[in-house]
Amino acid sequence: MTTIVQSLSFPRRAWVHATNHIRDKDLVIASIIAIILLCASLYVSYFASIYATKNASNSVTDIILSNIPVMDVDSAFIYGPFVMWAVVTVLLLYRPKFLPFTVKSISLFILVRAFFLILTHIGPFPTQLVIDQDSIVNFFTSDGDLFFSAHTGLPFLMALVFWKYRAWRYIFIFTSIFFGAVVLLGHLHYTIDVAGAFFITYSIYRLAQLAFPKDFERVRHLQ
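Every residue gets a number counted from 1 within its own chain, in the order that chain's sequence is written. In keeping with the model being predicted, local features are shown solely for residues with a pLDDT of at least 70 and side-chain atom pairs are shown and tallied solely at 80 or more, while totals for entire chains, interfaces and linings include all residues. Side-chain figures throughout are based on the complete set of non-hydrogen atoms in the structure, without hydrogens or water.

(A) Seen up close, the nonpolar core. In plain words, nonpolar cores are sets of buried Ala, Val, Leu, Ile, Met, Phe, Trp, Tyr and Cys residues tied together by side-chain atoms within 4.5 Å. Relative accessibility under 20% of the residue-type maximum defines a buried residue, over 50% an exposed one, and the middle range a partly exposed one, all with a 1.4 Å probe and only protein chains included. By size, the foremost hydrophobic cluster in this structure holds 32 residues, and its most contacted members are Phe101, Phe109, Leu157, Met158, Val161, Phe162 and Phe172. Elements with a contribution of two residues or more to this core: helix 4 (74–94), helix 5 (99–117), helix 6 (150–161), helix 7 (166–185), helix 8 (191–211) and helix 9 (213–220). Residue contributions to this core peak at eight residues, all from helix 6. Residues in contact with Met158, not counting those within four places in the same chain, are Trp85, Val88, Thr102, Ile106 and Phe172. One finds Leu65, Leu129, Ile131 and Val183 within the second-largest nonpolar core, a separate group that totals 14 residues. Helix and strand definitions here come from DSSP, where helices need a minimum of 4 consecutive H or I residues and strands a minimum of 2 consecutive E residues; each element is numbered from the N-terminal end. Here, two residues are considered to be in contact whenever any of their heavy atoms come within 4.5 Å of each other.

What follows is the structure in structure tokens.
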């Protein structure tokens, strides 16, 4: 059976791995709770983003944005995250035991970020790249949705979650740095939004370990 599974393509192997874990009731229940928590966090974040945009004040100067021209990074900003999350989805199908802790960590990230959004309302940088209003990305972000950068923080969170897998660790760290550069080149985030994301994300990861100990223990010793 193992030989047969290994001969399949990666997406197919991922699906086989996922279906083999359906009998684990604890894992299934934890995964359902994680998805519900994710939906709830997105709901909270949506209204936090609207509030921050409605109350946004003036822009401020920035050590990087004030010294570089705005560049057209529209495609990377919009479609890059969709590619990354497609990869994460397949990875979680291949490693189903990671799903509850990973999704709950993402949910905690979104909730913490929503809290930060409603605290201070700095307006977007004047030369910010204009994103197509019909783009689906506008459901997840807005002009007041600045501190801290989710484009930077979420890939770094995935690097921390999958840290023991060297290849995925480096892929997600590179993705985090790449997206950080993208949002700066597009003047879509201030420098502090990108720099602060790494420190806050690490704190969120540590909080997730404390908040979801059973889910963390499920993946702690996996190879």
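(B) Structural context of the pattern of salt bridges. Any carboxyl oxygen of Asp or Glu within 4 Å of a side-chain nitrogen of Lys or Arg constitutes a salt bridge here. With the rule as written, the count across this model stands at four salt bridges. In this structure, Asp215 engages Lys104 in a salt bridge whose closest nitrogen and oxygen atoms are separated by 2.7 Å. Of this pair, Asp215 sits in helix 9 while Lys104 is found in helix 5, placing the two residues 111 residues apart along the sequence. In this pair, the class of Asp215 matches that of Lys104, namely buried. Residues Asp145 and Arg113 are paired through a salt bridge, measuring 2.5 Å at the closest nitrogen-oxygen approach. You can see Asp145 sitting in the loop between helix 5 and helix 6 and its partner Arg113 sitting in helix 5, a full 32 residues away along the chain.

(C) Geometry of the packing of aromatic side chains. Whether two aromatic rings pair depends on their centres lying within 6.5 Å, for rings of Phe, Tyr and Trp, where Trp uses its six-membered ring; planes under 30 degrees apart make the pair stacked, over 60 edge-to-face, and the rest tilted. A complete count under the given rule lists 17 aromatic pairs for this structure. Between the aromatic rings of Phe116 and Phe147, the centroid separation amounts to 5.7 Å while the plane-to-plane angle is 50 degrees, which identifies the pairing as tilted. Highlighted residues: Phe116 in helix 5 and Phe147 in the loop between helix 5 and helix 6, separated in sequence by 31 residues. The partly exposed category is assigned to Phe116, whose relative accessible area is 26%. Among the aromatic residues, those joined into a cluster by ring pairs are Phe98, Phe162, Tyr165, Trp168 and Phe172. A positively charged side chain is recorded as over a ring if its NZ (Lys) or CZ (Arg) lies within 6 Å of the ring centre. The angle to the ring normal must also be within 35 degrees. Lying across the ring of Tyr170, Arg169 places its NZ or CZ 5.4 Å from the centre.

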